[in-house]
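These are the residues of each chain, in order.
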Amino acid sequence: MRLDFLRSERLPNIWCPGCGNGIVLHALLEAIDQLQLDPDKVVLVSGIGCSSRAPAYTAFDNVHTLHGRAIPVATGIKLANPDLTVIVVTGDGDSSAIGGNHLIHAARRDVDITVVVFNNYNYGMTGGQASPLTPDSSITTTTPNGNLDRPFDLVNLAAGAGATYVARSGIYFTKHLVDHLRKAIAHDGFSLVDAVAQCPTYFGRFNKKGSAGQMVTSQKDWMVLKSVAGKKTPDELAGKIIIGEFVNIERHAPESAAAPKEQA
Amino acid sequence: MSEKMVLMQGNEAVAEGAIAAGVRFYAGYPITPSSEIAETMARRMPQVGGTFIQMEDEIASIMAIVGASMAGKKVLTATSGPGFSLMQEGLGYACMVEAPIVILDSMRYGPSTGMATKVSQMDLMQARWGTHGDHWVIVLSPSSVEESYQLTIRAVNLAEKYRNPVIVLSDETISHLREPIDISIPPTIVDRKLPTEKAGYAPYKTDESLVPAIATVGTGFRTTFTGLVHGESGFQTANGHVAEALVERLRDKLFNNLDDIIQFETDRVEDADVLFMSFGITARGVSEAVESLLSHGRKAGSLRFITLFPFDDDRVRKAAGSARTVVVPELNSGQLVLLIKRVFGDSRKVVPLNKINGDLISPQEILNFVQEENL
């Protein structure tokens, strides 16, 4: 990774020891480097929360917006200057709760931005409350008796809303994560990567997930590569999540929802 | 009517004024009575090489124009009370990051959904204080279609000059009024200050103007924006001294330039013994009432606020002449009058004239009021 992609004078970061956000950020910077993008033409836009502090540690143009509002700001930047590579850095709550409406509409419009969701299954910044991605029955500070709500499947949500590139990965699978971030950024159209990280301070502690290290290595047990998931029975997939590429539609291919329709 | 005159609706005049001022990005969401602005921009933006986007709500609309502004565009959104409420968080963000944006609020009857097609002036205090925290905005008030055009140009220029949100506070009647206007005079165009030196660049470092030269994203300055309190570097801090200096500068960059920003229109103020202070559509009824009172031998005058905020008590006091009675007609339960009472204390008789049934205050109603109240 190129160290000049970071603002060293802004470090150390605010994240807790054992937080997974740094690994997602590292993967994102690696993907940008692999794509050989002009650093002057990369803009990182974030909302509010632990994840959303990431852009200010980078040496790119960066915009820390309001809670949930990174996507409309990114949309404005991208439409104002289509030459820019606009990447939204967001969290599970930021993107799917307060920003959920913006997420689905950006996917519907197929605006050419990339949304990277640092998904740690809870609101870390405010003390470990439940988010729309918190698994059911999980303990958080706002679900002390276990989460009664069902979570969104962010991949299906984005795909259903019309996203033309959707992938999920986890920080244990660093190369897998970098590869999918790279493909998402290179994709011409709306792309989303659900990047599963750990919050050992809150979600992990409340749900007895072990140390940060154990939370990371456990990903290899409960994540299943999409390429092998098809060969497994529903029983074998119970309690697991599938990682890999779920949607990859060429923008102007006939099957693309974004392709101009023939007038009847 | 001269050949240069064109018949235009108030909302169309806002759109055309924005285009004349250089606006090339519009994001909005449909709402009565401002929708014609979005419709005009949807048609016109592609014709002038600009961008129109209909967003999913007003929250997204204001954030999209903030993003486009950061990317160097002159930008506009338009809405009415319910949408203006949703825009308040974005308005505060634009104040904090000092993004030049223009918001048109066409006031309709409230609160809540209210009466969508009925006029009011009920958003005056919302325009000033709608978002949380100490903040400063410029609020301009047109009272005609011509002025909707001219003040939208002025709003864009002031936003650029001071890197601050500017609100054009129109209303349902002016939005839908059709009047002949002259759009032949090329407008003065003001562009925002931009940095020149990458070495030592600090986005929020200012000269004596107190207005920062923030780089446009994508121009190699690797700039940063945050709604968190930030110092000259643009990066977050919780240092109370930095916070205080920031909020003071956000105020002073406007308040050091009140001569440039504040405009009134006065009519026969000097020898008036009854003075009307009003803004927007209400000032038109006042104008006719003043003529009538003068023809009946009364010494009447009018002060119309073209700039509503910043509101400077001293300037208002000086502009108000020596009338012993000040009447404040407005289409709400008394918002402007609170400021006028603050200006004059007990030194003048300040009389509110309020109407809150969704109709305008007619000249005859003003005359009747003067008679009934023995003013």
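Residues numbered from 1 in each chain as written. Chains lettered and ligands numbered in written order. Predicted model: local features only at pLDDT ≥ 70, side-chain atom pairs only at ≥ 80, totals over all residues.

1. Description of the overall build of chain B
- Looking only at helices and strands, one finds 14 helices and 16 strands in chain B.
- The C-alpha atoms of chain B give 21 Å as radius of gyration, which agrees with the globular expectation for 375 residues (21 Å, within 12%).
- Dimensions along the principal axes, computed over C-alpha positions, put chain B at roughly 70 × 45 × 40 Å.
- For chain B, the residues scored as buried account for 51% of the 375 residues in total.
- In chain B, of all internal contacts separated by at least 6 residues, the share reaching a separation of at least 24 is 75%. (Helix = DSSP H or I, 4+ residues; strand = E, 2+ residues; numbered from the N terminus. Rg over C-alpha atoms; globule rule 2.2 N^0.38 Å. Buried ≥ 20, exposed ≤ 12 C-beta atoms within 10 Å, placed from the backbone. Contact = placed C-beta atoms within 7 Å.)

2. Some thoughts on the domain arrangement of chain B
Residue and element names in this part refer to chain B.
- Assigned domains of chain B: these are domain 1 (5-182) and domain 2 (264-372).
- Averaged C-alpha coordinates put domain 1 and domain 2 at centres separated by 26 Å.
- Contacts between the two partners involve 23 residues from domain 1 and, on the opposite side, 20 residues from domain 2.
- Looking at the side of domain 1 that touches domain 2, the elements with two or more residues in it are strand E6 (115-119), helix H6 (124-129), strand E7 (138-140), strand E8 (166-171) and helix H8 (172-176).
- Tallying contributions element by element places H6 first for the side of domain 1 that touches domain 2, with 4 residues.
- Per-class residue counts for the side of domain 1 that touches domain 2 are 15 nonpolar, 5 polar and 3 charged. (Domains from an automatic or database assignment. Nonpolar A, V, L, I, M, F, W, Y, C, P; charged D, E, K, R; others polar.)

3. Structural notes on the interface of chain A and chain B
- Listed per partner, the contact involves 28 residues of chain A and 32 residues of chain B.
- Secondary structure elements with two or more residues in the side of chain A that touches chain B: strand E2 (61-64), helix H2 (70-80) and helix H4 (100-109) of chain A.
- With 8 residues, the single largest contributor to the side of chain A that touches chain B is H2(A).
- When the residues that make up the side of chain A that touches chain B are grouped by side-chain class, the tally is 13 nonpolar, 9 polar and 6 charged.
- Judged from the 3 bridges that link them, E2(A) and strand E10 (residues 224-226) of chain B form a sheet pairing that is parallel. (Pairing = 2+ DSSP bridges.)

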